[in-house]
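Here is how the chains run, residue by residue.
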Amino acid sequence: MSVPVLDPYGEEVTTEMGATSPFAPVSLSGMAEPAPAPPLPGQVLRSPFAEAAVAAGDGDRAAEATDALLAELEDPGFTEALEALADEAAARHLRSVGTWSNDSEAPTLATADTMQWLEHLAGEADRMLGALEAYFGDRPADSLQEGEIEAATGIDGFTDPADVQQLFFGRLLDKAKKLAKGAVKLAKKGLSVVGNLALGPLFGQLRLLVKPLLGKVLDSAIGKLPESLRPLATQLAAKLRGETDSHEEELADTFDRSLAELVTAPDENAAAHLLAELQPADEDTYAPSAAHELDSARVRLARELTEADPGVAPIAQLEQFIPVVMAAMPLIRMGVRLIGRGRIVDGIAKPLSQLIASMVGQDAANLLSRHIASAGLGLLGLEAGGGDPTLGGEALAAAAEDTVRKVLTLPPESLENELLLETEIQDAFGEAAARHLPANVLRPELAEPGVDGEHGVWLMMPRATRPCFRYKKYSRVIPVRITRSMARAVLLSGGDSLERRLLDDGAETWPVDGEVELYELLPGGGLGHVSAFESTDGPIAAAEEFEELTESAATVLAGNARLAHVGHHGRSGGHRRPGSRYFRFRHRGRPLHRRHFLGVLFDLTAPQPVLRVNLVLGERDTHELAAHLQRRHFVQVVSIVRRLLGPAALKALEHRLTRLMTKHGITAEAGSAARLAQRLVDGVLRAVSDQLPAAAATLAKAAQDPAPGATLTFTFGFADRAALAAGTPVSDPAVAIRPGRHRD
């Protein structure tokens, strides 16, 4: 059956099964060293085990010790250091790609540059931990004094790190202190498996894990598909993959578990086996990643669509392109295996090519390029009237890629249903075309103007490293004026809200004027790429400028909830993954920065489980609470804390509890984390009401301390792990007040 083609002045295009093209009728005229052999018992390892260590049959005690030590090692700051390190490595890699003239060799040369930087960092970390190992030697863990680790390394802990290297080293020292502290606690609990360990061997175990960890950071930076730190990941790691917000958080969790298992291993053979698992896989580090293969495929498809004959469906071109997109989507393998790669490619390529056919060719590319250039003058560095003839083909290729990515997330049964498949292709391509192409060439119902009536497009970025694109940016900077209630409705990460963020930034009157910029991650992309090319701040602060673009944020800030959606390949609530969208809010010309005000930690080394909730107050809230307490305005005190622990904080608390329970193998009924989160909030409010009035002087002293803000720590006790799973604390929490921002 023939396929109608768009007449330059005529009717709309339909495919064989009635799918409709999104285009309106228009006129087109006018580094690496070889992996070392696994260490053999007695060859590298210095035995840290006491004669009274775990004997055969004491597996349960060893598991208890491992889990308790794992809880002690928990440190959100370490995850943030890994994220900052991965962001910096990714930025270095992409900048290096842009400096090489040979596109085919640029990724390999950039990988070598990035590997050299990370190897230098690994060497410095090894020397630092080696100095600790030698300095403390056979001293028992309970002999460690406050400040001794800093004195031994000559490092003050980097309370205000100047770069990501200092941040990472500071967090490594924190990890060493937590390791020693955990060993002492377990000894007091009677778990001699680690209780007799000396400090030197303890720090030596930590030292052994740093290089494999940084190898995985390199993989993330150069766009390799995420893997666990240990190739033979446990079932727990698989579960955590569904609960973590980033690849770096998964790495931090697996690093902690590897360290806990290594320290509590029953003998040297078990320790050597664990270390063998950590050795890098025998693969070519310099081989092009799936993201770089996709870079080349995008360029090729854009060129082919521009050079194609007008009105001719580009089936062969798409049949080459689709498998490359599939290779960058590791989670679609089940459908491919069940149906077959060839059938999937053929089932998508033919109908998609028919929908694209009316916009291929040089004239169509020129038309699209002019409109796109007009929409993104500032982003593209073009002057009015200027243009880039490749923009049209690039936008069509981007729309095709988004379509393929969304369609491939269908279940196998739908992929095999020809009518359902073509319907999905039509709808997905219509949405993708509306995102990437100007309103002038779209059917009227597809163009989605923003809150001010303007239609924007998503542009491939950064332009300086073309054709290596790692994120998209919305072509328009959106001006907004929001009331206090609107700001309160925008919920941010970690339980914060835009209202609290603006108040901390000094907003005193409402409504507030600001500007919003929107971003989307591409395969191989991360916030490090965005911050490196979009921010003038240092790498540590830059990543704190970007927040996940949720439906509520998109509705309030851009007047369009659909801007938060990029298709099913972007997992709702999943950060730092391809398809994730972010926004940056500028107030008074400068970006707002993320703050961390709510933390949850377990202590499983105590005789009974303990759960701590840290409420980290900014300067404004600290002084306001202190003033109300001094005036005995207790209702206002409780009201402020209640607002801080609103719906967003409750949801963040539930998410954190779910992750911690999963990590520590605490089996709980469905909904138990939500119930526990609510009970914790209720307990915090009762504790504030009962205990905070008597602590007015302590809070006033904390408010006047040079350290910024204050931390309220609420400690809940539980009878046993079953009570923790059931969400039934023994009583309301004890409250402690400390000056400064703390998360331990």
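### Side note on the packing of aromatic side chains
One pass over the full model with this rule turns up eight aromatic pairs. Each ring, one from Tyr135 and one from Phe136, has its centre 4.9 Å from the other, and the planes form 80 degrees; the classification is edge-to-face. By relative accessible area, Phe136 is classed as buried at 2%. Aromatic rings pair up to connect Phe78, Phe168, Phe169 and Phe255 into one cluster. Residue placement shows Lys175 over the ring face of Phe78; its charged tip is 4.3 Å from the ring centre. Directly above the aromatic system of Phe597 lies the positively charged group of Arg595, at a separation of 5.0 Å from the ring centroid.

### Side note on the packing of helix α11 (residues 290-307) against helix α12 (residues 315-327)
Between α11 and α12, whose axes approach to 9 Å, the crossing angle comes to 160 degrees. By the angle class used here, α11 and α12 are roughly antiparallel. The handedness of the crossing between α11 and α12 is left-handed. Mapping the contact onto sequence places Ala290, Glu293, Leu294, Ala297, Arg298, Arg300, Leu301 and Glu304 in α11 and Gln317, Leu318, Gln320, Phe321, Val324, Val325 and Ala327 in α12.

### Some remarks on the pattern of salt bridges
All told, the structure shown has 59 salt bridges when counted by the stated rule. Notably, a salt bridge pairs Arg207 with Asp126, separated by 2.8 Å at the nearest N-O pair. Here Arg207, found in helix α7 (residues 199-221), pairs with Asp126, found in helix α3 (residues 106-136); they are 81 residues apart in sequence, far enough to count as distant. Assessed through its relative accessible area of 32%, Asp126 is described here as partly exposed. For Asp505, the salt bridge is made with Arg590, and the minimal N-O distance between the two is 3.4 Å. Highlighted residues: Asp505 in the loop between α21 (498-504) and β4 (512-521) and Arg590 in strand β7 (residues 590-591), separated in sequence by 85 residues. For Asp505, a relative accessible area of 18% corresponds to the buried category.

### Observations regarding helix α22 (residues 527-534)
In terms of burial, α22 is largely enclosed, as seven of its eight residues are buried. All buried positions along α22 are accounted for by Leu527, Gly528, His529, Val530, Ser531, Ala532 and Glu534.

### Observations regarding the pairing of strand β1 (residues 458-461)
Of the two faces of β1, the one carrying Trp458 and Met460 and the one carrying Leu459 and Met461 are both buried. When β1 meets strand β2 (residues 471-474), the two strands line up antiparallel, connected through four bridges. Bridge pairing in β2 links Met461 to Tyr471.

### Topic: the sheet that holds strand β10 (residues 710-717)
On the basis of which strands lie adjacent, the open sheet formed by four strands has the order β8-β9-β10-β11 and antiparallel pairing. The sheet is open, and its two borders are formed by β8 (598-603) and β11 (734-739), each paired with just one other strand. Neighbour-to-neighbour, the strand axes of this sheet turn through a mean angle of 20 degrees, independent of strand direction. Judged from the eight bridges that link them, strand β9 (residues 610-617) and β10 form a sheet pairing that is antiparallel. Counted as the bridge partner of Arg612 is Thr715 from β10.

### Points about unusual backbone geometry
Met461 connects to Pro462 through a cis peptide bond whose omega is -5 degrees. For Pro462, the location among the structural elements is in the loop between β1 and β2. Residue Pro511 follows Trp510 across a cis peptide bond; omega there is 0 degrees. Residue position: Pro511 is located in the loop between α21 and β4. Positive phi is not limited to glycine here, since Arg588 has a value of about 60 degrees. Given the relative accessible area of 52%, Arg588 is considered exposed.

### Let's talk about the environment of Arg612
Locating Arg612 in the fold gives a position in strand β9. Arg612 gets classed as partly exposed once you look at its relative accessible area, which sits at 22%. Taking C-alpha positions, Arg612 is 8.0 Å from Gly599, a pair spaced 13 residues apart along the chain. Not counting chain neighbours up to four residues away, the residues in contact with Arg612 comprise Gly599, Val600, Leu601, Asp603, Thr713, Phe714, Thr715 and Asp744.

### Looking at the nonpolar core
Phe168, Phe602, Leu611, Leu615, Leu657 and Phe714 are the most contacted members of the largest nonpolar core, which totals 112 residues. Counting residues per element, this core draws most heavily on helix α5 (residues 164-188), which supplies 12 residues. Excluding residues within four positions of it along the chain, Phe168 makes contact with Phe78, Ala81, Leu82, Leu85, Leu121, Val210, Leu213 and Leu214. In this structure, Ile339, Ile372, Ala397 and Ala432 belong to the second largest nonpolar core, which totals 53 residues.

### Side note on the side chain of Glu394
Within the secondary structure, Glu394 sits in helix α17 (residues 391-407). Apart from residues no more than four positions distant in its own chain, Glu394 is found in contact with Ala302, Met460, Arg463, Arg466 and Phe469.

### Describing α11
A turn of α-helix holds 3.6 residues, and therefore any two residues three or four places apart point the same way. When the terminal C-alpha atoms of α11 are compared, their 26 Å separation across 18 residues agrees well with the 26 Å that a helix rising 1.5 Å per residue should span. Ala291, His292, Leu294, Asp295, Ala297, Arg298, Leu301, Ala302, Glu304, Leu305 and Thr306 are the residues of α11 that are buried.

### Some details on the packing of helix α2 (residues 76-99) against helix α9 (residues 247-263)
How two helices sit against one another is set out by the angle between their axes and by the gap between those axes. Contact geometry of α2 with α9 gives a least axis separation of 9 Å together with a crossing angle of 130 degrees. Taken together, α2 and α9 sit at an angle that is classed as oblique. For α2 against α9, the interelement crossing comes out right-handed. Across the interface between the two elements, Phe78, Thr79, Leu82, Glu83 and Ala86 of α2 pack against Glu248, Glu249, Leu251, Ala252 and Phe255 of α9. For the contact of α2 with α9, the residue count by class is six nonpolar, one polar and three charged.

### Concerning the confidence of the model for the protein
A low pLDDT means the predicted coordinates there should not be read in detail. Averaged over all residues, the pLDDT of the protein equals 82, while 80% of them reach at least 70. In the predicted structure, residues 29-57 sits below a pLDDT of 50 and forms 49 contacts with residues beyond four places in sequence or in another chain. Note on residues 382-386: pLDDT under 50 across the span, and eight contacts to partners over four residues away in sequence or across chains.

### Focus: the environment of Ala106
Topologically, Ala106 is positioned in helix α3. According to the relative accessible area criterion, Ala106 is buried, its value standing at 3%. Separated by 13 residues in sequence, Ala106 and His93 place their C-alpha atoms 9.8 Å apart. Contacts of Ala106, omitting those with residues within four sequence positions, involve Val97 and Trp100.

### Some details on the environment of Ala398
Looking at the secondary structure, you find Ala398 in helix α17. For the pair Ala398 and Trp458, spaced 60 residues apart in sequence, the C-alpha separation works out to 9.3 Å. Here Ala398 is in contact with His436 and Met460, once residues within four sequence places are set aside.

### Re the pairing of β9
The buried count for β9 comes to seven of eight residues, which makes it a mostly enclosed element. As judged from the six bridges shared by β8 and β9, these two strands associate in the antiparallel manner. Each bridged residue has a counterpart across the sheet, and for Val600 the counterpart in β9 is Val613. Between β8 and β9, which follow one another and run antiparallel, lie six residues.

Analysis parameters
Residues numbered from 1 in each chain as written. Predicted model: local features only at pLDDT ≥ 70, side-chain atom pairs only at ≥ 80, totals over all residues. Heavy atoms only, no water. Phe/Tyr/Trp six-rings, centres within 6.5 Å; stacked < 30°, edge-to-face > 60°. Buried < 20%, exposed > 50% of the residue type's maximum accessible area, 1.4 Å probe, protein only. Lys NZ or Arg CZ within 6 Å of the ring centre and 35° of its normal. Axes fitted to C-alpha atoms, helices over the stretch in contact; angles between N-to-C directions. Helix = DSSP H or I, 4+ residues; strand = E, 2+ residues; numbered from the N terminus. Parallel < 35°, antiparallel > 145°, perpendicular 65-115°, else oblique. Left-handed = near helix turned anticlockwise from the far one by under 90°. Contact = heavy atoms within 4.5 Å. Salt bridge = Lys/Arg side-chain N within 4 Å of Asp/Glu carboxyl O. Pairing = 2+ DSSP bridges. Core = buried A, V, L, I, M, F, W, Y, C linked by side-chain atoms within 4.5 Å. Expected span 1.5 Å × (residues − 1). Nonpolar A, V, L, I, M, F, W, Y, C, P; charged D, E, K, R; others polar. pLDDT = per-residue confidence, 0-100.

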